[in-house]
Structures are given as structure tokens and as C-alpha cells.
Amino acid sequence: MVILNISEKDVLNYFNNLKLKENESHYIDFHKKRYAFLLNLLSKYISKYPENKKIKILDIGAWLELFLIKHYFKNIIIDSLGFIPNYLNNLVRKHIKFDLNKLQNHKKPLFKEKYDIIIMTEVIRYIYIKPEFLFNFIDKILKSNGILIVQSLNAVSLDKRIHMFFGRNPHKRANLSKNEPYHFGEYTLNELILLGKNIGLDYDKYYLRNYYDPKNKFRFLELLFKTYPNFREGITIVYRKK
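To keep things clear, this report deals only with the structure shown in the data block.

Basis of the calculations
- All residue numbers refer to positions counted from 1 along the written sequence of the respective chain.
- Local features in this predicted model are restricted to residues of pLDDT 70 or higher, and side-chain atom pairs are both shown and tallied only at a pLDDT of 80 or more, whereas totals for entire chains, interfaces and linings draw on every residue.
- As a rule here, side-chain values cover all heavy atoms of the structure and leave hydrogens and water aside.
- For patches, a residue must show more than 30% relative accessible area and have no salt bridge; joins then use 9 Å for like charges and 5 Å for nonpolar side chains, namely Val, Leu, Ile, Met, Phe, Trp and Tyr.
- With residues, only the protein chains shown are counted as cover, and all accessible areas are computed by Shrake-Rupley using a 1.4 Å probe.
- Throughout this description, the term salt bridge denotes a Lys or Arg side-chain nitrogen within 4 Å of a carboxyl oxygen of Asp or Glu.
- Strands are runs of DSSP state E lasting at least 2 residues, helices are runs of H or I lasting at least 4, and numbering of each runs from the N terminus.
- Note on ring pairs: Phe, Tyr and Trp rings are taken, using the six-membered ring of Trp, and paired if centres are within 6.5 Å. Classes follow the plane angle, with under 30 degrees stacked, over 60 edge-to-face and the rest tilted.
- Residue exposure (1.4 Å probe, protein chains only): buried if accessible area is under 20% of the type maximum, exposed if over 50%, otherwise partly exposed.
- Angles shown run from 0 to 180 degrees and are taken between the N-to-C directions of axes, each axis being a line fitted to C-alpha atoms and, for helices, limited to the stretch in contact.
- Any angle that falls under 35 degrees is termed roughly parallel, while one over 145 is termed roughly antiparallel, one within 65 to 115 roughly perpendicular, and all others oblique.
- What makes a crossing left-handed is the near helix being turned counterclockwise from the far one by less than a right angle; a clockwise turn instead makes it right-handed.
- Contacts are assigned to residue pairs with any non-hydrogen atoms lying within 4.5 Å of each other.
- In the scheme used here, Gly and all other residues not listed as nonpolar or charged are polar, with Ala, Val, Leu, Ile, Met, Phe, Trp, Tyr, Cys and Pro taken as nonpolar and Asp, Glu, Lys and Arg as charged.

Topic: a nonpolar patch on the surface
Moving on, step 1. Together, I162, F165 and F166 give the surface a local cluster of nonpolar side chains, amounting to about 370 Å² of exposed area.
Moving on, step 2. Residue placement: F165 occurs in helix α5 (residues 158-165).

Structure, rendered in C-alpha cells:
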């Protein structure tokens, strides 16, 4: 399989052909760079499998990226876990509706099969139980040599450091509303690496990127982010199961 090179424009052009709600259109515009990065990264790993193999993928906390994954990758079987709108059900083979914050007390297995690739993007910050429960759950359903792709905000990005410098808490207070959940926890790159390592998931690659509104439109910021990549706002980390 050819490795893709998807641009932000490709992401926008695809969704322009769909009838999205206003909040969904805003979300796509804000996350277009992150979506393009995710698809290109996913392409690199999918391309390593034989073309005749059906790759089993689980999308935890799936949303609009399901459209893109189904559009660009044909040799996959994709399931989802979490809460998704009903109109996305036809994009997956199987969807399990489940609140990940209940994993701590959930004993019955949610899945009987294992997956080649698990995707969990922009999810972990909404989890208020210990993240070890979530990672242990993933470890049990990830195949040996399988891949876990996690995307998360960087807890120590430049904007948060500036807030702290002026004595302001950069993190929003917890909100238990399911309609507008706040961030319960954000993590540094080292914390995410350690979370995986503790259960036998070694990181294969990691990336620090500014996915959202351009933060480097000023020359000095561009140089700052280049010199101190830990100031960037987004983390993508790829784990591989031993």
C-alpha cells in the first residue's frame, strides 16, 4: 500500500461534501491539521501489513475521524468504543457504548477479540479514573506487536506556562456534565511514555506538534518551538506492544 500524504486542504475538501452541523464544521476547521497528521501516521503503519490482510482497528472515543479513516483505508475492519452519534453507526462493524470512566469497576470483558491497531485521540484528558485502568484495558485487547496511537494536549505547552507565570491555573475545573465535559487531566510526554512502559507498551515514535491555530506566525515563536519542542501544544505518541 502507498503511504498517503494528506493535507489540511484534503481534510476540508472531503468534509465540504458532507452535510455537517455547525459545531461539527467548526470542529473540523479547528482540528484539520491534527486529522491530516493522524491519517498520514496511520498510513505508515497500515502500509506495513500485506495488502490482502484485513487490519482490525478499534477507535476509542471515535467521532468525525471515522469518515476519513473509512474513506482513505479500504483494507480495514473498524470498531468503535465510547459514545458516538447514531449517524456514525454505519461506518463501523461494531460499536460498544460504554463510559470509559467505569472501567475501574467493570469486570465483564467488553471485547472477545484483539486488534492490530487501536486509536485513542483527544480522549485521555476526559478520563477521571486513574489512567492505568484505561491502559491496562487497552493492553488486554491489543495484539502482540500491535500499535496504539494516542493524541493528547500537552500539559506543559507554552500557553499553559504563561498562564502559570501570571498565577493562573491553565487547566479548567472538572465538570461532570456529559454535554460539556471539561479536561480532568492532561499529561506531559514523559508521563505518557511511563504510562505505557509500566504495562509493557514501549513507545515506537512520538511527535510534538502545534495542530491548531498557528502559534508560529511570528518568527521568534517559530524559533522558540524549534528550540523547545516541549512547548508545543499537541502530543502524538505511538506505542507498540511487546
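Describing the packing of aromatic side chains
Aromatic ring pairs are reported here in terms of the distance separating the ring centres and the angle at which the planes meet.
Moving on, step 1. Across all of its chains, the model carries 12 aromatic pairs by this definition.
Moving on, step 2. A centroid spacing of 6.0 Å and a plane angle of 55 degrees characterise the contact between F37 and Y211, whose relative ring orientation is tilted. Residue F37 is located in helix α2 (residues 22-46), and its partner Y211 is located in the loop between β6 (201-209) and α7 (219-227); the two are separated by 174 residues in the primary sequence. Here F37 and Y211 have matching classes, each one buried.
Moving on, step 3. One aromatic cluster is present, formed by Y14, F15, F67 and Y87 through successive ring pairs.

Here's the deal with the packing of helix α1 (residues 8-16) against α2
Moving on, step 1. At a closest axis distance of 8 Å, the pairing of α1 and α2 adopts a crossing angle of 125 degrees. When the axis of α1 is compared with that of α2, the two are oblique. Judged by the sense of rotation from one axis to the other, the crossing of α1 with α2 is right-handed. Here α1 contributes E8, V11, L12 and F15 to the contact with α2, which in turn contributes I28, D29, K32, K33, Y35 and A36.
Moving on, step 2. Considering only residue class, the contact of α1 with α2 consists of six nonpolar, no polar and four charged.

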